[in-house]
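Geometric and topological summary
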Amino acid sequence: MGKRLFVALVILMSLSLIGIIFVQAFFINNALNNEEKQFTSDVFRSLSLVSKAIEDKELLSFDKLYREVTKTGRTPDSIEIKQLLIYDSFNKDTNQATRFKNIISEESFKVPSLFFDIGTDSIDIKKFTSRSETNVWDATPIDGEVNMQPIQTIRDYSTMDELSRTFYKQNYRAVYKNYPVYKRISNEEVLELLKSQFYVSGIKTAFEYAIYDKDLSTKIRSDNFELTPKTTIGIPVFLDNESRSSFSLYVDFPQRKKYLLSSILSMIVLSVVFTFIIILAYSSAIYQLIKQRQISQIKTDFINNMTHEFKTPIATINLAIDSIRNPKIIGDQEKVMRYLKMIKDENKRMHAQVENVLRISKLEKNELNISKERVELNELIEDAITHVELLVEDRNGYVKTHLNADKASVLANETHFTNVIVNILDNAIKYSEDEPKIDVFTENVGNSILIRISDQGNGMSKQVQKRVFEKFYREHTGNVHNVKGHGLGLAYVKRIVDDHQGYISLESEKGKGSIFTIKLPLIS
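Let me begin by describing the structure that accompanies this report. For clarity, every value in this text was computed on a predicted model and none was experimentally measured. (Residues numbered from 1 in each chain as written. Predicted model: local features only at pLDDT ≥ 70, side-chain atom pairs only at ≥ 80, totals over all residues. Heavy atoms only, no water.)

**Overview of the overall build of the protein**
When its secondary structure is counted, the protein shows twelve helices and 15 strands. Within the protein, the proportion of its 524 residues that are buried is 37%. In the protein, of all internal contacts separated by at least 6 residues, the share reaching a separation of at least 24 is 69%. Only carbon and sulfur atoms are counted for the fraction: they give 54% of the accessible area of the protein, which is about 32400 Å². (Helix = DSSP H or I, 4+ residues; strand = E, 2+ residues; numbered from the N terminus. Buried < 20%, exposed > 50% of the residue type's maximum accessible area, 1.4 Å probe, protein only. Contact = heavy atoms within 4.5 Å. Areas by Shrake-Rupley, 256 points an atom, 1.4 Å probe, with all protein chains shown as cover.)

Here it is in structure tokens:
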């Protein structure tokens, strides 16, 4: 996959993911707004019902008194005819005359103010009564005289309670218009009405309430109520005859946001979980793509390095074979032996490289059988140093030992751990531009032994230090590697140390050298 295509895919996938997150956020926000609108609508409807219930509750208590006054047979203070209707008709077929008469009377009762406690002398209670009468006369003369007595009379009498109550209600509202609200209803009654109505409406969150007279608070209020224009919801109460009022019932919900969020909490949780899974899958996919590109690049470098390193010994072997076949050389025993040794060394070099690759492959597949036995680490280090002594001496360098560990018995595989020390020493030699200067230390720390291999070579940057133990990784210096290799040595070292329940760390500074530290558990 080309770099441009890869970048384009990453950008498209990122934009798609961001778009999905924004869409999710939009729908959640939209759902929250809808919930808030529905909540506000439910509160308004509930307050309207509470307002009506407050007024009905007040009217009900005085309606009782009204019924007592009007049904006790008490003589009204005044009676007034409010309406009189007379209708006459004559039927020719039956020779009968009919008269319909309807009267509406108004009876007024004055009730002392002590019944109402409103600060006035008295209040008028009116009772309306409807009386109707139908008379039928026979218009046929008998003995030459017309009958003046009706042959049929139908009377109907009924009280007009609804009209009476309506008039009473209007009267009552006018009188109570400016009456103190705390004498009309109590805190307990308001709280109970609000609680019951909110419960019916499905509003199950804490609330604070208050009744205000215009812009002033009254005694009817909860302890923690605060009038906040943005969140407080109010509605008029105790309406007058013109449907106006100076009193308003307000409610506020301190945990409104939390309550609304809880109503869509399941949707939010599912949305967050699924979005997190998508982000995780996307990140993993991007990471794997980048990792695969890096591995592909590293493998390409590895193949190039391996090819280059194989080309030199193969060319050397071919030249040596051609030289041996030369008639002038084949008779020279010394030269033949020299070329044969050269062929053997180059073959051994290629074999070592192949073995290194195979060891790493087996380690990753857990197919490398590493048997362990008791080993004296100080002795093992001295033996490993002998493998590189000639290389160090050839470059006029040194390897100094400071084996200060009194206890050095560890459980290890002698061959593999010798390779670990040799690999680190070999790196110290290869990555020293001047003569290699190497110091090897051992010391006891608790129940462990520390091995420190210090050099004064090229050192490494912080970025390289983070990846130096990765398989196939080698530091790039432009398009050329100053030192030939295939990036497997330190990966092999780490795998062997880990297999020995040990720990390896690196301290390095560019241009000042490196220090490798290995920590292994001791055995008694």
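Continuing now.
**Here we look at the packing of aromatic side chains**
The description of an aromatic ring pair rests on the distance of the ring centres and on the angle between the ring planes. Scanning the entire structure with this criterion turns up eight aromatic pairs. Considering the side-chain rings of Phe26 and Phe27, the 5.7 Å spacing of their centres and the 70° angle between planes classify their relative orientation as edge-to-face. Taking relative accessible area as the criterion, Phe27 reaches 51% and is therefore assigned exposed. With a centroid separation of 6.0 Å and 80° between ring planes, the pair formed by Phe238 and Phe247 is classed as edge-to-face. Lying across the ring of Tyr398, Lys400 places its NZ or CZ 4.6 Å from the centre. Lying across the ring of Phe441, Arg452 places its NZ or CZ 5.5 Å from the centre. (Phe/Tyr/Trp six-rings, centres within 6.5 Å; stacked < 30°, edge-to-face > 60°. Lys NZ or Arg CZ within 6 Å of the ring centre and 35° of its normal.)

**What to know about the sheet that holds strand β12 (residues 437-445)**
One open sheet holds the five strands; their spatial order is β10-β12-β13-β15-β14, and the pairing between them is mixed. Where the open sheet ends on each side, the last strands, each with one partner, are β10 (398-403) and β14 (503-509). Neighbour-to-neighbour, the strand axes of the sheet open up by a mean angle of 15°, direction not taken into account. In this sheet, β12 lies alongside β10 in parallel orientation, the contact comprising six bridges. Bridge pairing links Tyr398 to Lys437 in β12. Along the sheet, helix α8 (residues 377-386) makes contact with β10, β12, β13 (448-455) and β15 (513-521), crossing β10 at roughly 175°. (Pairing = 2+ DSSP bridges. Axes fitted to C-alpha atoms, helices over the stretch in contact; angles between N-to-C directions.)

**Notes on the pattern of salt bridges**
Applying the stated criterion across every chain yields a total of nine salt bridges. One salt bridge in this structure joins Arg256 and Glu36, with 3.7 Å as the shortest N-O distance. Of this pair, Arg256 sits in helix α4 (residues 256-263) while Glu36 sits in helix α1 (residues 3-71), and the two are 220 residues apart along the sequence. Between Lys512 and Glu509 there is a salt bridge, and its shortest N-O distance comes to 3.5 Å. (Salt bridge = Lys/Arg side-chain N within 4 Å of Asp/Glu carboxyl O.)

**Considerations on the nonpolar core**
With 41 residues, the main nonpolar core has Leu377, Phe417 and Ile518 as its most contacted residues. Going through the elements one at a time, α8, β11 (409-412), α10 (414-430), β12, β13, α12 (489-499), β14 and β15 are the ones with two or more residues in this core. No other element matches α10, which puts eight residues into this core. (Core = buried A, V, L, I, M, F, W, Y, C linked by side-chain atoms within 4.5 Å.)

**So, the side chain of Ser508**
Following the sequence through the fold, Ser508 ends up in strand β14. Here Met460 takes part through its backbone nitrogen, which lies 2.7 Å from a polar atom of the side chain of Ser508. Non-local contacts of Ser508, meaning those with residues more than four positions away in its chain, are made with Gly459, Met460, Gln465, Gly513 and Ser514. (Polar contact = N/O pair within 3.5 Å; in protein donor to acceptor, adjacent residues only side chain to side chain.)

Fair warning: the whole summary comes from geometry, so function is off the table for now.
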